[in-house]
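# Summary of structural features
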Amino acid sequence: MCIRDRIKAVYEKALNFIKEKNNSLVEHLLSYFGYGIGLEFKESVTLISAKSEKIVEAGMCFNVLVGANNLQTSTGKSYAIMMADTLIVGESQNEVITISVSKKYEDVSYSLSEEDDQAATNGANTVTNGPQSYPCLLYTSPSPRDS
């Protein structure tokens, strides 16, 4: 993400990168790759999407993410995944402010089982750690300390 880029150009670069790596993921992607964080948690005027004409400026803060829904394991089970980091745009270099957060799978993932789905419909709010029927992953990009 570079200053003076239109946010939609950032979106297009990210989308093209994913298309080059694995085009079959495109149909599962969220319609945006993050959003600005400011007076509101999710600033709609800085949504990283194909339609955003806003110009990136130094000092802006973004939650940059890639999310995909309705993915299938080799056994046919559905899952979703989201990877995110928060960064501040700099004049010459961006600062990833979530760099010190653990990136270990067991620290950033959670799964919902069929029992959790049933409990949620009965008014309970249960999330369990560990692999279950419907894995959902919230993950930030690897940092050097986790290598």
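Up top you'll find the structure we're talking about.
Now for a quick tour of the structure. Computed from a prediction, not measured in an experiment: that's the story for all the values here. (Residues numbered from 1 in each chain as written. Predicted model: local features only at pLDDT ≥ 70, side-chain atom pairs only at ≥ 80, totals over all residues. Heavy atoms only, no water.)

### Remarks on the overall build of the protein
Looking only at helices and strands, one finds three helices and six strands in the protein. Put simply, the protein has 147 residues, and 33% of those count as buried. Residue pairs at least 24 apart in sequence account for 55% of intrachain contacts in the protein once pairs closer than 6 positions are excluded. For the protein, the exposed area adds up to about 9,400 Å²; of that, 53% sits on carbon and sulfur atoms. (Helix = DSSP H or I, 4+ residues; strand = E, 2+ residues; numbered from the N terminus. Buried < 20%, exposed > 50% of the residue type's maximum accessible area, 1.4 Å probe, protein only. Contact = heavy atoms within 4.5 Å. Areas by Shrake-Rupley, 256 points an atom, 1.4 Å probe, with all protein chains shown as cover.)

### Looking at the pattern of salt bridges
Across all of its chains, the model carries three salt bridges by this definition. Measuring nitrogen to oxygen at the nearest pair gives 2.7 Å for the salt bridge that ties K8 to E53. One end of the pair, K8, is in helix α1 (residues 7–22); the other, E53, is in the loop between β1 (34–36) and β2 (61–72), with 45 residues separating them in the sequence. The exposure class of K8 is partly exposed, given its relative accessible area of 24%. (Salt bridge = Lys/Arg side-chain N within 4 Å of Asp/Glu carboxyl O.)

### Some words on the packing of aromatic side chains
Counted according to the given criterion, the structure contains two aromatic pairs. With a centroid separation of 5.0 Å and 35° between ring planes, the pair formed by Y11 and F33 is classed as tilted. Of this pair, Y11 sits in helix α1 while F33 sits in the loop between α1 and β1, placing them 22 residues apart in sequence. Each of the two residues, Y11 as well as F33, counts as buried. (Phe/Tyr/Trp six-rings, centres within 6.5 Å; stacked < 30°, edge-to-face > 60°.)

### Description of the nonpolar core
If you look at the biggest cluster of nonpolar residues, it comprises 16 residues, and the most contacted ones within it are L29, F33, I48, F62 and V89. Residue assignment for this core shows that the elements contributing at least two residues are α1 and β2. Counting residues in each nonpolar core, the second largest holds five residues, with L30, Y32, Y35 and L65 among its members. (Core = buried A, V, L, I, M, F, W, Y, C linked by side-chain atoms within 4.5 Å.)

### Quick look at the side chain of E43
Turning to its location among the elements, E43 is positioned in the loop between β1 and β2. K54 provides the closest opposite charge to the buried, salt-bridge-free E43, at an N-O distance of 8.9 Å. Within polar-contact distance, the side chain of E43 engages the backbone nitrogen of L39 at 2.8 Å. Apart from residues no more than four positions distant in its own chain, E43 is found in contact with Y35, G36, I37 and G38. (Lys, Arg positive; Asp, Glu negative; His and termini not counted. Polar contact = N/O pair within 3.5 Å; in protein donor to acceptor, adjacent residues only side chain to side chain.)

### Considering the pairing of β2
Each regular strand carries side chains that alternate between the two faces of the sheet. As defined by bridge partners, β1 adjoins β2 across three bridges and the pair is classed as antiparallel. Bridge pairing in β2 places Y35 opposite N63. The turn joining β2 and strand β3 (residues 78–88), which pair antiparallel and follow one another in sequence, is formed by five residues; a positive phi near 90° is taken by G76. (Pairing = 2+ DSSP bridges.)

### Observations concerning the side chain of S109
Within the secondary structure layout, S109 lies in strand β5 (residues 109–112). Of the polar contacts made by the side chain of S109, one reaches the backbone oxygen of Y105; its length is 2.7 Å.

### Describing the environment of S102
With respect to the helices, strands and loops of the structure, S102 is situated in the loop between β4 (95–96) and α2 (105–108). Looking at S102, its side chain comes within polar contact range of the main-chain nitrogen of K104, at 3.3 Å. Looking at S102, its side chain comes within polar contact range of the side chain of D107, at 2.5 Å.

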